[in-house]
Amino acid sequence: MALKSATCIQRAAAARSEAFLAALPAARVGTSPVASMRVMLPSSSVQSSSLFRTTIQKAAVGRALSVKVSAVNGSGLKVDLRGKKAFIAGVADDQGFGWAIAKALAEAGAEISLGVWVPALNIFKTSLEKGKFDASRKLSDGSLMTFSHIYPMDAVFDTMADVPEEVATNKRYAGNKNWTVSEVAESVKQDSGKIDIVVHSLANGPEVVKPLLETSRKGYLAALSASSYSLISMVQRFGPIMKEGGAVISLTYNASNRIIPGYGGGMSSAKAALESDTRVLAYEAGRKFKVRVNTISAGPLGSRAARAIGFIDDMIRYSYENSPIQKELAAIEVGNVAAFLVSPLSSAVTGHVMFVDNGLNVMGIATDSKTLDRPE
């Protein structure tokens, strides 16, 4: 008897759901989140449980109504970050991924603030003021990308109590204040209020050119501190000033799970930690602050920072020769994916490592490997 009643309830619920969906206005797939979700419901799941279908449909409709997506002439989607405020840590010139991400976010309409490593701040500001970055600042509408605020920042230190005397008195830090992570977060809060986007574009390994077997404890821990713990520190302190639905993004590299000879000094370990922390932070920050946390695993780029490794040109050449898409990676390609990951278009994506490397990560063997030679 109970089973019969449950079946009746399920059928009634399914009938109401079908009537509701049938009443929805027709729309092209891709222009209506509701229509898209309806099309993508697996038929096998729908047939197996009407009650399950009703629950999923109600959730889909509710979420669809809460996610705003802009259409371009009614024919597609675009990333719209107008009204969003972004803080990007780790930009020191106009060559790296951090700059490319800033430009992509600016193209989408976001307001950009930067955190620049303290010893590089004066050079960065001078270059900006003298117009040395003007060519790379140019946006598609002809205007120049601007920055609402530029803060001195050293993400190795959480508070001034953590700063050793030799750093505090270093002339490269002279004249700057409020540059630890907690102080920068407070400055951003005072200047901008709540923000929507945090970008972690930070990495440093003082012994990166050393094999892991020759890396000192100090060098190893320094790599993890600057390159991975800094993300935890930033989420701890920026999370409370982020709006619900906001997004955090960082940059990683495939040395986290593949052997890249020459990428040493504990940097491969730091990237592995960063990816693991991304998953845990996605859960913890998602529950506590209602923000998403993702990371991009980017292919090799000949930036000024990357050239410190010493073999970046070889890595770029290797990537070109062996990737499924045979071309050199452009920084803006990473920037564009970052813009997607921090936008409402990816509102259900978190804890994810997104590869942007022309597909190199899927290859299991080099195309010029001797094992591929065939006997005559």
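So, a few notes on the structure that sits alongside this text. What you are looking at is a predicted structure, and each value in this text was computed from that prediction instead of being measured.

Rules used throughout
- Residues numbered from 1 in each chain as written.
- Predicted model: local features only at pLDDT ≥ 70, side-chain atom pairs only at ≥ 80, totals over all residues.
- Heavy atoms only, no water.
- Salt bridge = Lys/Arg side-chain N within 4 Å of Asp/Glu carboxyl O.
- Helix = DSSP H or I, 4+ residues; strand = E, 2+ residues; numbered from the N terminus.
- Buried < 20%, exposed > 50% of the residue type's maximum accessible area, 1.4 Å probe, protein only.
- Phe/Tyr/Trp six-rings, centres within 6.5 Å; stacked < 30°, edge-to-face > 60°.
- Arc of directions from axis to C-beta.
- Contact = heavy atoms within 4.5 Å.

Structural notes on the pattern of salt bridges
A side chain of one charge can pair with a side chain of the opposite charge when the charged atoms of the two come close.
At step 1: Throughout the structure, instances matching the rule amount to six salt bridges.
At step 2: With a shortest N-O distance of 2.9 Å, D134 and R137 are connected by a salt bridge. Pair noted here: D134 and R137 are both in helix α7 (residues 134-137), with a separation of three residues, about one helical turn.
At step 3: The class of D134 is partly exposed, set by a relative accessible area of 29%.
At step 4: For R137, a relative accessible area of 12% gives the class buried.
At step 5: One salt bridge in this structure joins D196 and K243, with 3.9 Å as the shortest N-O distance. Here K243 lies in strand β7 (residues 242-252) and D196 lies in strand β6 (residues 195-200), a separation of 47 residues in the sequence.
At step 6: Overall, the relative accessible area of 35% leaves K243 in the partly exposed class.

Describing the packing of aromatic side chains
At step 1: Inspection of every chain in the model, using the stated rule, returns 10 aromatic pairs.
At step 2: Here W99 and F147 contribute two aromatic rings whose centre-to-centre distance is 5.8 Å and whose plane-to-plane angle is 70°, an arrangement assigned as edge-to-face. Here W99, found in helix α5 (residues 97-107), pairs with F147, found in the loop between α7 and β5 (149-153); they are 48 residues apart in sequence, far enough to count as distant. Neither W99 nor F147 differs from the other in exposure class; each is buried.
At step 3: Ring centres 6.4 Å apart and planes at 45° place the aromatic pair F124 and F147 in the tilted group. Residue F124 is found in helix α6 (residues 118-129), and its partner F147 is found in the loop between α7 and β5; the two are separated by 23 residues along the sequence. Take F124 and F147: they sit in the same class, and that class is buried.
At step 4: The structure contains a cluster of three or more aromatic residues connected by ring pairs, namely W99, F124, F133 and F147.

Brief notes about helix α13 (residues 331-341)
At step 1: For α13, the complete set of buried residues consists of A331, V334, G335, A338, A339 and L341. When α13 is viewed along its axis, its buried side chains cluster within an angular range of 160° and face the same direction.
At step 2: Buried-residue contacts for α13 involve α5, β7, β8 (292-298) and β9 (353-356).

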